[in-house]
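# Chains, contacts and geometry: an overview
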Amino acid sequence: MKTIDDLNFNGLKAIIRVDFNVPLNDKFEITDPTRIDAAIPTIKKIINDGGMAILMSHLGRPKQGPEDKFSLRHLAPALSEKLGVNVKFASDCIGDVPRKLVSEMKKGEVLLLENLRFYNDEKAGNFEFAEKLASLADVYVNDAFGTAHRAHASTAIIAGYFPDAKYFGYVMVNELTHINALLSDAKKPFTAILGGAKVSGKIEIIKNLLNKVDNLIIGGGMMFTFIKAMGGNIGNSLIEEDLIDTAKQILKDAKIKNVEILIPVDAVIADKFSNDANKKVSASNEIPDGWMGLDIGAKTREMFSEVIAKSKTILWNGPMGVFEMPAFAEGTQFVAEKIAEATEKGTYSLVGGGDSVAAINKYNLADKVTYVSTGGGAMLEFIEGKALPGVRAIEG
Ligand code: AMP
């Protein structure tokens, strides 16, 4: 793996793809700086070497051309503070504006380019656009794991213009090292805990994980497709009818592969999808009509807890229930706490995917698990066994 530690950046201009797609409030203040914080060590290494850092990212989902609410200029003050350097801003990411600013850069300086997605060429993976970005620098660094599963101009195509000068930043190195270790070198028993709304987005992951794990814990809305597949009554719970056969097949495959699948035995059920719904506990396969399962029940929590405590490696993706509503958050919080307890006793735990990261942060447990992966979609595709274009572009 070619990383930024392999190069002294002294006197070199490096164009760095970072993931600064952070949430902003209506005053354009950053409400969660995790992604910016993650990129700081990479930027510091380059400027401390005497290099010049040209930062490029996307922010939000601009539809057609520039929109002030998605301008990266909003991030420059916070970034300057974090780096202890006055970060300059280029109001365009290609053309005369950045070219002039780049030509004036001195050692140790940082320039932030405007939102790449103000050009449709970014997502289209346009070669000319990538070449224009590339023309600004001597070296390309990719540190945006969160977009590594996309073959965009700045994440993959641009690397082709730096055949001998392309490197992974520290965020990439960390993510790839942790996820690779989990997939190739996990201590057993290895338990994967999957939750969230739908089975549909997780089928490939489940299939790949069946070759690796000893236990597969299923929670969240996706459990009901499995319970239905086993002949249970799930009332008005979330269901993906077209995946019932797939769920049956997964249950069969798990048996053949000697993987224990743990499906909830009880559920907290509600008479409407609301925090103030009437709620009670029911067997997960006897949910009355008019009621829906929105969290795992106490018996299930205990069952999961035993398996978690015995595991040496844990991968967690997806909440156990509708944890955004306090009335149905108990299962998710419980599982998060049990993972933290196991970690304290030496278990390796990796938490990834948007909602489980939100949950682990909500319960202040982020530093009580071994690793929190910031790249939701990229992490899932990597676990599915797919090659990530952003990774391949640097390695190739
Ligand atoms: P995903 O994006 O597939 O990981 O799904 C995350 C979402 O699943 C969260 O917003 C949860 O509120 C939701 N979720 C979890 N459990 C349930 C459930 N039992 N019924 C409906 N939605 C759920």
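Residues numbered from 1 in each chain as written. Predicted model: local features only at pLDDT ≥ 70, side-chain atom pairs only at ≥ 80, totals over all residues. Heavy atoms only, no water.

### A closer look at the overall build of the protein chain
- A tally of helices and strands in the protein chain yields 14 helices and 17 strands.
- In summary, the protein chain has a C-alpha radius of gyration of 23 Å against a globular reference of 21 Å for 396 residues, a match within 12%.
- In terms of its C-alpha atoms, the protein chain occupies a principal-axis envelope of roughly 70 × 45 × 40 Å.
- Taking all 396 residues of the protein chain together, the buried fraction comes to 56%. (Helix = DSSP H or I, 4+ residues; strand = E, 2+ residues; numbered from the N terminus. Rg over C-alpha atoms; globule rule 2.2 N^0.38 Å. Buried < 20%, exposed > 50% of the residue type's maximum accessible area, 1.4 Å probe, protein only.)

### Looking at the layout of surface pockets
- In this structure, the largest pocket spans a volume of roughly 530 Å³.
- Lining the largest pocket are 25 residues, with Thr34, Val357, Val372, Ser373 and Thr374 sitting closest to its centre.
- At the level of elements, helix H1 (34-48), helix H6 (170-184), helix H12 (354-362) and strand S17 (371-373) are the ones that each hand at least two residues to the lining of the largest pocket.
- Take the lining of the largest pocket: its biggest share by element is 5 residues, from H12.
- Considering only residue class, the lining of the largest pocket consists of 11 nonpolar, 10 polar and 4 charged.
- Split by domain, the residues of the lining of the largest pocket number at least three in each of domain 1 (4-172) and domain 2 (186-363). (1 Å grid on protein atoms, 1.4 Å probe; cavity = no way out; pocket = protein on both sides within 12 Å on 5 of 7 lines; lining within 4 Å. Points joined across faces, edges and corners; volume = space filled by probe spheres on them. Nonpolar A, V, L, I, M, F, W, Y, C, P; charged D, E, K, R; others polar. Domains from an automatic or database assignment.)

### Considering the domain arrangement of the protein chain
- What the domain assignment reports for the protein chain is domain 1 (4-172) and domain 2 (186-363).
- Put simply, the middle of domain 1 and the middle of domain 2, counted by C-alpha atoms, are 38 Å apart.

### A few points about empty space enclosed by the protein
- Summed over all chains, the structure comprises 2 cavities of 30 Å³ or more.
- Within this model, the largest cavity holds a volume of roughly 80 Å³.
- The biggest single contributor to the lining of the largest cavity is H1, with 3 residues.
- A per-class count over the lining of the largest cavity returns 6 nonpolar, 2 polar and 3 charged.
- Within this model, the second largest cavity holds a volume of roughly 40 Å³.
- If you go around the second largest cavity, the residues you meet are Lys88, Leu101, Glu104, Met105, Glu109, Val110 and Leu111.

### Points about helix H2 (residues 76-83)
- Residues of H2 that are buried include every one of Ala76, Leu79, Ser80 and Leu83, and no others. End-on, the buried residues of H2 take up no more than an arc of 105°, which puts them together on one face. Seen from the open side of H2, the exposed residues pointing more than 90 degrees away from its buried face are Pro77 and Glu81.
- Looking one or two residues past H2, glycine 84 carries a phi angle of roughly 70°, positive in sign. (Arc of directions from axis to C-beta.)

### Details of the packing of aromatic side chains
- All told, the structure shown has 3 aromatic pairs when counted by the stated rule.
- Between tyrosine 119 and phenylalanine 129, the ring centres sit 5.3 Å apart and the planes meet at 40°, which makes this aromatic pair tilted. One end of the pair, tyrosine 119, is in the loop between strand S4 (110-113) and helix H4 (120-124); the other, phenylalanine 129, is in helix H5 (residues 127-134), and 10 residues separate them in sequence.
- Exposure remark for tyrosine 119: the relative accessible area of 26% places this residue in the partly exposed category.
- Sitting over the ring of tryptophan 291, lysine 280 keeps its end group 4.4 Å from the ring centre.
- A cation over an aromatic ring shows up here: arginine 301 above the ring of phenylalanine 334, its NZ or CZ 5.8 Å from the ring centre. (Phe/Tyr/Trp six-rings, centres within 6.5 Å; stacked < 30°, edge-to-face > 60°. Lys NZ or Arg CZ within 6 Å of the ring centre and 35° of its normal.)

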